[in-house]
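Coordinate inspection notes
Listed below, chain by chain, are the residues.
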Amino acid sequence: MSNIRTIIRRDLGAYFTSPIGYIFIIVFLAISVGLYITSFFTFPVADMRSYFGNLPLMMCIFIPAITMRVWAEERKENTWEMLLTFPMRAWELVIGKFLATLTFFAITLACTFTVPLMLMVLGNPDNGAVFGGYLGTLLLGAFFLSIGIFVSGFCRDQIVAFVVSLLVCFTIFLLGTNFIAAYIDSYAPGVGATLSSLVGMVEHYNTFTRGVLEFVDVVYFVVWTVMFLFLNIMYIEQRNRPGARAAYASAVVLCFGIGLAFNWLVADTSFMRVDMTEDDSYTVSPATKTILSQLESPAQVKLYISSREEMPTALSTLERDITDKLEELKFVAPNKIEFTAVYMRAANALASQDEMLGAEDEEKKEGESSDAEKLEKRMLKKGVQPFMVQAMQNDEISQKPVYSSIGVGYRDAKEEIIQPVMPETLQELEYRLVNTIFKMSRKEPATVALVAPKEAVNIPPQMRALYAQMGQPVPESEDPYEYCQRILEQEKYKVERVELTQQSPLPEKYDTLVVINPREFNERQKWEISRAIASGKNVVIAVQEYEWDYKVTPEGNVNLTKREQNPNVDDLLTAYGLGVSKDILMDTNKVPLTVRSGNPLEQLMGGGTTLNLPMHMLINNSTMNPGAPMTSRLSSVFYLWGTALELNNDELAKHGLKAETIMSTTDRAWTVPADKKLTNEDIAGGPGKSYPLMAQVTGQFPDAFKDKPRPAWPPAQPQPGMPPTPPEPETGEAPALTPAPGKLVLLGCSQMFNKNFIQGSNLELFLNCVDNLTLGDDIVSVRGRKPIDRAIDKPSDGQRAFWKFMNYAAVNILVASIGIGTWAARKQSRNAYTMSYQSQNNG
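Residues numbered from 1 in each chain as written. Predicted model: local features only at pLDDT ≥ 70, side-chain atom pairs only at ≥ 80, totals over all residues. Heavy atoms only, no water.

The helix and strand inventory of the chain stands at 30 helices and 27 strands. With 843 residues in all, the chain has 48% of them scored as buried. Look at the contacts in the chain between residues 6 or more apart in sequence, and 77% of them connect residues 24 or more apart. Carbon and sulfur atoms make up 56% of the accessible area of the chain, which amounts to about 41,100 Å² in all. (Helix = DSSP H or I, 4+ residues; strand = E, 2+ residues; numbered from the N terminus. Buried < 20%, exposed > 50% of the residue type's maximum accessible area, 1.4 Å probe, protein only. Contact = heavy atoms within 4.5 Å. Areas by Shrake-Rupley, 256 points an atom, 1.4 Å probe, with all protein chains shown as cover.)

Have a look at this one:
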């Protein structure tokens, strides 16, 4: 080991006794960190996957620059033979030089510490994924270093060693990319996918960047690193022996054959995997195990998929990935899932579709069809259809039909189809599958009563005449919350859309009541909601106090007009110790909206005026309750024109209610009185504090109308030109109220569920609220099994300037200063030695 340490000190010192080492570190940091920081502050996210994604390509260039001098310079300086005469064995020389280069690369990588430090200060990064990315980069660096040292041993010129090493590293990198593999497959089907599996390193490296430590991937890098080091040792030991070239060539062929055979054996295997992410994002959820273990009989899962030979190169491993996921589910819940794969041919399905559309004698064609064609035809009737994906063929991108769907059956229930299942949706497969099984296993479908207003539409006479000419009914209203109903129905809920009137009352049986944007609620409507809450029904209420109209003037100015919504639910909420503030709420963490005028050209060209107002609040994960299943895995929510909640803790405690804040603003939010006309100073900002935006209240709710008579229904809204219709008289007393504990989720914004904005995390929040109240925490926890988009609150100008300096300049200045200091110290030492030598000679 002393010999190895000697070589390490010698070679490592050589990098820092000349400018080359410092220049390498500075250039590497300037490019790698600079590329990441350039786009970081546009939409800041506490995630380094994009940073690690750029490193393999950069390392193909920089690693050969580190290793090109390892042996080539020894030959150029005629120190090769002298070095080999030292009392050191060949393996000590190779290992010493390898560890020296690996240490230098590790030091270079450590100089990027400002990036994770910045993310930890500004946001909440997944430290497990960050560690995995650095570990994967270090292993990839060791692999490329061993290649560079191996190549350098054959070369006398550093440039030749650099170029050859660069070509080898580039080849290994490119063969692992889907684009190159697909390009090769377009000329030689199957060759590109095989080379990607046997030689490519991209998939092995990407596993680390996700925060997953896969034993096979670790062994891949270790085996190939050791193999190249072994060949380098063997070359040095046998360089001058008789017949060494033939023996060495045989050894190279044998080692490469063993390495490729190893890659082939482990290509489709996965074992001893460690999920290093903080929330175990790539591990089956305990809630999934709980749900599956409660099944009274096993669920039947069928994978309808095209064979690997018919799949495009980018999807060649899709069957394996889906099967691995299903096997994990079978492992955590034994005897609860029965899984089979059914291979389909898209060509047969397309032919069957043509027959079904144009056949005159269906029975005759059915008899003439092959068994495979009959299968695809039956599956088409069940909803299993092929879909188009991109494929490369002879330098052209074309569309190719493939199958990738999952059928789920439980007992006598009709088979439900989950499609399509693609690589980008694999992370959602656990939820989609478990959610389907869970709802199929219920004896009755979950019912949601949805109360949401519809907007009256003023149709000009010309448009009414056009509708009449086309034979279409004239729309009298628009439903801004229609997507809420569609989404719930897609999630297998039974949705009862009611207006909460005498003509459209609450259904007799339902599980959850969802009230979105209540407007001018009368006493009877509040009485109905109060009884629902007091009787143990779970309720979601999203209140919107006001909306804003933006009008762009010809001069480019914007006039803001506030439209009061008047929900009129204050007295109902006050009875529970709750309230929704009427003050205008603003926050520095905001997103821009594009406002279009009535100009037809602007509508056609998609232009408009971009407004970045503090009423367009973006609520990031950092201000959400991490312990609440409804928001624990959300990235950010668009809280448009919402207001703050008012929580009276004394009143809540008086009724024995427990309130939990689910979501809040940043601590830089402020309010403006509701009756004040907005000024530029109001929009610019005020004293900042945090305000609650969403809360969940649990317990036995009081009856807000206790000891009060049942309010009568008001007259129904009359049709235009018709007299009002009096309400039908109600006979008898109101049914007795049976108290039971329940849950109430209150939000100070309903615009976030409008069809124009219910997407992404807003959609997930809506589903989480309904699922949590209707089905419990387990199903919400399963939906959250995905990596969080860890958005960061918008940094201040001072923070941006500081971290840009730290990443762009600070470390580079430090490295340069150390280099200059080392050079000055060495120069001073040489001058002192020269003066001492001269004084001794003169003496």
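Let's pick the thread back up.
Here the focus is helix H16 (residues 318-332). Between its terminal C-alpha atoms H16 stretches 22 Å, which fits the 21 Å expected from 15 residues at 1.5 Å a residue. All buried positions along H16 are accounted for by Leu-318, Ile-322, Lys-325, Leu-326 and Leu-329. Looking straight down H16, one finds its buried side chains confined to an arc of 90°; they lie on one side. For H16, the elements touching its buried residues are helix H15 (286-293), strand S3 (299-306), strand S4 (337-344), strand S7 (404-409) and helix H20 (429-440). (Expected span 1.5 Å × (residues − 1). Arc of directions from axis to C-beta.)

Strand order in the open sheet formed by seven strands is S12-S9-S13-S14-S27-S26-S24, and the pairing between neighbours is mixed. The open sheet has two free edges, formed respectively by strand S12 (494-498) and strand S24 (658-664), since each of these has just one partner strand. When the angles between neighbouring strand axes are averaged without regard to direction, this sheet yields 15°. Relative to strand S13 (residues 512-516), strand S9 (residues 447-451) is paired through four bridges, and the arrangement is parallel. Paired with Leu-450 across the two strands is Val-514, which belongs to S13. Along the sheet, helix H23 (residues 523-534) makes contact with S13, strand S14 (538-542) and strand S27 (742-747), crossing S13 at roughly 140°. (Pairing = 2+ DSSP bridges. Axes fitted to C-alpha atoms, helices over the stretch in contact; angles between N-to-C directions.)

This part takes up the sheet that holds S7. Taken in spatial order, the four strands line up as S4-S3-S7-S8 in an open sheet, and their pairing is mixed. Unpaired on one side and paired on the other, S4 and strand S8 (416-418) mark the two borders of the sheet. Here the average twist between neighbouring strands, direction ignored, is 20°. Pairing analysis gives eight bridges linking S3 to S4, with the strands arranged parallel. Looking across to S4, one finds that Ala-299 is bridged to Ile-337. Seen against the sheet, H16 touches S3, S4 and S7 and runs at an angle of roughly 165° to S4.

Before going further, it helps to spend a moment on the packing of aromatic side chains. Scanning the model with the defined rule gives 32 aromatic pairs in all. Geometrically, the ring pair formed by Phe-143 and Phe-144 is tilted, given 5.8 Å between the ring centres and 35° between the ring planes. Taking relative accessible area as the criterion, Phe-143 reaches 1% and is therefore assigned buried. With 6.2 Å between their ring centres and 35° between their planes, Trp-224 and Phe-228 make a pair best called tilted. One end of the pair is Trp-224 and the other is Phe-228, both in helix H13 (residues 215-237) and four residues apart, which spans about a single turn. Across this residue pair, the class does not change: Trp-224 and Phe-228 are buried. Among the aromatic residues, those joined into a cluster by ring pairs are Phe-143, Phe-144, Phe-150, Phe-154, Phe-208, Tyr-220, Phe-221, Trp-224, Phe-228, Tyr-235, Tyr-248 and Phe-256. Just above the ring of Phe-705 sits the side chain of Lys-708; from NZ or CZ to the centre is 5.7 Å. (Phe/Tyr/Trp six-rings, centres within 6.5 Å; stacked < 30°, edge-to-face > 60°. Lys NZ or Arg CZ within 6 Å of the ring centre and 35° of its normal.)

Glancing now at H15. Within H15, the full set of buried residues consists of Ala-287, Thr-288, Ile-291 and Leu-292. Summarising the axial view, the buried residues of H15 lie within an arc of 130°, below the 170-degree limit, and thus occupy one face. Next to the buried residues of H15 lie H16, S4, H20 and helix H29 (777-783). At the N-terminal end of H15, a side-chain oxygen is found 3.0 Å from the backbone nitrogen of Ala-287, two or three residues along, and the residue is Ser-285. (Polar contact = N/O pair within 3.5 Å; in protein donor to acceptor, adjacent residues only side chain to side chain.)

This part is about the environment of Ala-669. Relative to the assigned elements, Ala-669 resides in the loop between S24 and strand S25 (670-672). Assessed through its relative accessible area of 0%, Ala-669 is described here as buried. Separated by 52 residues in the primary sequence, Ala-669 and Met-617 place their C-alpha atoms 9.5 Å from one another. When sequence neighbours within four positions are dropped, the list of residues in contact with Ala-669 reads Leu-585, Met-586, Asp-587, Pro-687, Gly-688, Lys-689 and Tyr-691.

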